[in-house]
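Structure at a glance
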Amino acid sequence: MRIKTLLAAVSLTALAACATAPRPAAPPMRESTAFTLATDQPRTVEQMAMQFDKADLTIKVIPADKAIDAVAVLDFTALAPLERLVVELDTLLTIASVQVDGVEVPADRWSNPEGRLTVALPRPLAAGQKTVLRIAYAGQPRVAPRAPWDGGFVWSTAPTGEPWIATAVQGEGCDIFWPCIDSPHGEPGRVDLHITVPSELSAPSNGRFLGKVDHGDGWTTWNWSTKSPNTYAIALNVGPYDTVTGEYRSRFGNTIPMAYWHLKSDTPEQVQALFAQFPRMLDFFEANVGPYPFGDEKMGVVETPHLGMEHQTINAYGNGYKIDGRGYDWLLQHEFAHEWFGNQLTNQNADDMWLHEGLGSYMQPLYARWLLGDRYMQRELANQREGLINKYPVVSGTSKTEDEVYKGDVGPGNDIYSKGSLISHSLRMLIGDEAFHEAITRLVYGRPDPQPGNFAPLYRSTGDFLEIVNAVTGQDYGWFFKGYLYNAALPVLKQTRGRAVAAGVDDRRRRGLPHAGRGGDRRRGPGRGDDRRSGRDRGRAGRPRSDRSAEQGAASDGRDRRPAGLQGGSRQTSLTAHPRESGDPVLSHNQRRIER
């Protein structure tokens with residue numbers, strides 16, 4: 001008994017000591033730097049002088065450690081004399097080796113403070129000379145707090161118990177997991193991906209599938225290649241996937257591979273119902289915008305443990321097969337719209353992001369009309385109008401970062417989606433279906449007659465769109481762009497109508513003759529299979545993505561980037577609507593329908 005009592009006393013004393021002794025401090029949790037998390041930073045002088053020809057990325061994804069082990073080989077051509085190479089890579093990833101043209105660079109000749117990696121070249125490059133930068137790195141990349149809005153890696157578990165992993169880095173940038181030029185203007189001409197994962201898992205990614213290699217040790221490498229991708233659109237997807245494949249015979253004569261990677265636990269009925277929407281959506285976009293831009297690679301979709309993202313040729317889908325009474329899956333359609341508005345057409349600056357999100361969001365009401373008729377389009381437009389904020393202009397006219405645009409406390413936020421869509425609708429009703437269709441086609445492809453193989457991805461600005469609209473219509477619509485895009489408040493619509501016009505309409509009503517009235521523009525256009533093109537290209541040719549000069553003149557200096565005719569002016573605009581000009585102005589304070 002005494003021994004037991006003594007042991008008990010010692011145990012209590014030890015517990016008391018544990019309770020009162022200071023615990024060793026936990027190591028501080030590492031986080032990406034503020035620089036890394038603020039994507040779309042101004043490029044350095046060196047980056048402006050570097051043409052990014054190719055990225056070859058070998059990435060091993062290690063689910064058990066939530067880590068990656070990678071080697072990036074980056075090919076550049078000097079556009080001007082160059083003494084240093086500069087790329088971005090998150091400091092959470094430890095760099096083990098840096099080589100230039102196969103020669104190891106001493107540690108004192110490179111540095112990566114805050115996530116901007118600068119490498120001194122062994123000898124300066126003259127314009128036109130090429131070089132190869134090799135970076136070996138590894139570590140635990142940033143975990144997404146709330147993908148896709150607050151992004152990084154998503155380490156999840158499939159319903160069947162296997163690892164289910166995805167990346168979503170639009171708001172943070174490509175440098176979260178691979179060394180890149182973290183700017184819309186930093187797109188490489190090609191990216192080759194070699195993704196090694198546990199052999200029981202699949203790794204669908206961007207572009208064309210080049211085959212896989214089973215190494216016989218429990219690991220398999222999946223090989224992919226894609227051309228001119230958006231930097232944030234490069235995506236890793238790892239999971240226990242099955243695949244549904246098919247082909248779409250385009251109205252432009254080519255055949256487009258289609259593929260959907262879905263979890264093995266999904267029901268066949270759900271999978272087939274979603275996959276059946278692929279060709280319908282392709283047909284809609286090709287009829288109303290133009291050829292699918294990446295038909296020589298694929299239309300690809302992968303099921304992800306986050307809602308979704310417009311990853312080029314491998315769109316992320318996590319909407320749970322919801323139709324929501326629309327007759328189609330809105331998330332699938334919206335992300336697919338970004339293949340045209342985001343991946344083929346890329347904004348010149350984040351201030352022009354409404355060209356991605358607004359035009360992309362307008363495709364959902366137009367698609368509802370295509371499938372089900374005008375009433376369904378009007379319902380979706382009404383839903384979009386309910387969420388308007390009108391606190392900041394959709395377009396400021398000055399250079400912005402993505403955070404300054406997407407965050408509603410400092411920029412337009414969600415207005416770039418819904419308000420951008422409603423502005424697009426108002427413009428279509430104003431200039432008519434045929435002119436709107438031609439303007440959109442020229443905006444996206446840089447020409448009125450796109451065919452597979454005769455266009456390339458390009459950069460666009462709001463000013464470009466205005467010039468195209470003016471060229472197509474033969475009129476100056478600067479007043480419209482200024483009133484709707486460059487002012488936060490909605491325009492005040494003042495309606496005037498001459499007595500003769502009103503009398504004419506009343507007379508036609510009495511005689512039972514048709515008039516435009518609430519029917520709007522009765523010409524064929526979007527949603528009705530009218531894919532006619534005009535003759536010569538009167539619009540501005542798009543800037544190819546290899547043209548770096550435009551951004552050099554649009555540095556983040558806060559100056560007014562608006563076209564000359566749009567500079568200045570008040571914060572609220574009055575629009576005078578005349579019967580033959582008004583169309584159906586969805587956005588105005590009085591919201592009255594005008595009969596033409």
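Relative orientation of the contacting elements helix α10 (residues 418–431) and helix α11 (residues 433–445) amounts to 125°, with a least axis distance of 6 Å. It follows that α10 is oblique to α11 by the angle criterion. Here Ser-424, Leu-427, Arg-428 and Ile-431 of α10 come into contact with α11, specifically with Asp-433, Ala-435 and Phe-436. By residue class, the composition of the contact of α10 with α11 is 4 nonpolar, 1 polar and 2 charged.

Within the largest apolar cluster, 71 residues are counted, with the highest numbers of intra-cluster contacts made by Tyr-260, Phe-278, Val-289, Trp-340, Met-363 and Phe-465. Among the elements that make up this core, the one with the highest residue count is helix α7 (residues 354–372) (9 residues). Those residues in contact with Phe-465 that lie beyond four places of it in its chain are Trp-354, Leu-355, Leu-427, Ala-439, Ile-440, Leu-443 and Phe-481. The next biggest cluster of nonpolar side chains, apart from the first, holds 61 residues, and it includes Ile-59, Leu-117, Trp-155 and Trp-261.

How two aromatic rings sit relative to each other is given by the distance of their centres and the angle of their planes. Scanning the entire structure with this criterion turns up 28 aromatic pairs. On the basis of an interplanar angle of 55° and a centroid distance of 5.0 Å, the ring pair of Phe-275 and Phe-278 is categorised as tilted. Judged by its relative accessible area of 10%, Phe-275 is buried. Ring centres 6.0 Å apart and planes at 85° place the aromatic pair Tyr-292 and Phe-294 in the edge-to-face group. Like Phe-294, Tyr-292 is buried.

Averaged over the protein chain, the pLDDT score is 85; the fraction of residues at 70 or greater is 79%. In the model, residues 500–543 has pLDDT below 50 throughout and makes 92 contacts with residues more than four positions away in sequence or in other chains.

Two numbers describe how helix α4 (residues 268–275) lies on helix α5 (residues 277–288): the axes approach to 4 Å, and their chain directions differ by 15°. As the angle between them shows, α4 and α5 are arranged roughly parallel. Here Ala-273, Leu-274 and Phe-275 of α4 lie close against α5, whose contacting residues are Gln-277, Phe-278 and Pro-279. Split by residue class, the contact of α4 with α5 holds 5 nonpolar, 1 polar and no charged.

Looking now at the sheet that holds strand β16 (residues 255–263). The 5 strands are arranged β15-β16-β17-β19-β18 in an open sheet whose pairing can be described as mixed. The open sheet terminates on both sides in strands that have one partner only, identified here as β15 (241–249) and β18 (308–309). Direction of pairing for β15 relative to β16: antiparallel, over a ladder of 9 bridges. In the sheet register, Arg-249 faces β16, and the bridge partner there is Thr-255. Sheet contacts for α5: β15, β16 and β17 (299–303); angle to β16, the most-contacted strand, approximately 135°. On top of the sheet, helix α6 (residues 330–337) reaches β17, β18 and β19 (315–317); it is set at about 165° to β19, its chief contact.

Here the largest pocket is characterised by a volume of approximately 1200 Å³. Secondary structure elements with two or more residues in the lining of the largest pocket: β18, α6, α7, α8 (374–386) and α9 (402–406). Grouping the constituent residues of the lining of the largest pocket by class yields 9 nonpolar, 12 polar and 14 charged.

Moving on, we come to the sheet that holds strand β6 (residues 110–111). Taken in spatial order, the 3 strands line up as β3-β7-β6 in an open sheet, and their pairing is antiparallel. Both edges of this open sheet fall to β3 (82–88) and β6, since each of them pairs with a single strand only. As paired elements, β6 and strand β7 (residues 116–125) share 2 bridges and run antiparallel to each other. Pairing of Trp-110 across the sheet is with Val-119, part of β7.

With that settled, the discussion passes to empty space enclosed by the protein. The tally for this structure, following the rule as stated, stands at 5 cavities of 30 Å³ or more. Quantified by volume, the largest cavity comes out at close to 120 Å³. If you go around the largest cavity, you meet 15 residues; those closest to its centre are Ser-183, Pro-184, Thr-231, Tyr-232 and Glu-402. A per-class count over the lining of the largest cavity returns 3 nonpolar, 9 polar and 3 charged.

As a further point, take the environment of Asp-214. Residue placement: Asp-214 occurs in strand β12 (residues 208–214). Among the residues examined, Asp-214 registers a relative accessible area of 54% and is labelled exposed. Between the C-alpha atoms of Asp-214 and Ser-199, which are 15 residues apart in sequence, the distance is 7.1 Å. Side-chain polar atoms of Asp-214 contact the backbone nitrogen of Gly-216, separated by 2.9 Å.

What the rule picks out here adds up to 15 salt bridges. Of the charged contacts, one joins Asp-150 and Arg-142 as a salt bridge, the two residues approaching to 3.2 Å between their closest N and O atoms. Exposure remark for Arg-142: the relative accessible area of 6% places this residue in the buried category. In this structure, Arg-326 and Glu-380 form a salt bridge, with 3.3 Å as the shortest nitrogen-oxygen distance. Of the two residues, Arg-326 is situated in the loop between β19 and α6 and Glu-380 in helix α8; the sequence distance between them amounts to 54 residues. Salt bridges linked by common partners bring Glu-31, Arg-142 and Asp-150 together as one network.

Definitions and cut-offs
- Residues numbered from 1 in each chain as written.
- Predicted model: local features only at pLDDT ≥ 70, side-chain atom pairs only at ≥ 80, totals over all residues.
- Heavy atoms only, no water.
- Axes fitted to C-alpha atoms, helices over the stretch in contact; angles between N-to-C directions.
- Helix = DSSP H or I, 4+ residues; strand = E, 2+ residues; numbered from the N terminus.
- Parallel < 35°, antiparallel > 145°, perpendicular 65-115°, else oblique.
- Contact = heavy atoms within 4.5 Å.
- Nonpolar A, V, L, I, M, F, W, Y, C, P; charged D, E, K, R; others polar.
- Core = buried A, V, L, I, M, F, W, Y, C linked by side-chain atoms within 4.5 Å.
- Buried < 20%, exposed > 50% of the residue type's maximum accessible area, 1.4 Å probe, protein only.
- Phe/Tyr/Trp six-rings, centres within 6.5 Å; stacked < 30°, edge-to-face > 60°.
- pLDDT = per-residue confidence, 0-100.
- Pairing = 2+ DSSP bridges.
- 1 Å grid on protein atoms, 1.4 Å probe; cavity = no way out; pocket = protein on both sides within 12 Å on 5 of 7 lines; lining within 4 Å.
- Points joined across faces, edges and corners; volume = space filled by probe spheres on them.
- Polar contact = N/O pair within 3.5 Å; in protein donor to acceptor, adjacent residues only side chain to side chain.
- Salt bridge = Lys/Arg side-chain N within 4 Å of Asp/Glu carboxyl O.

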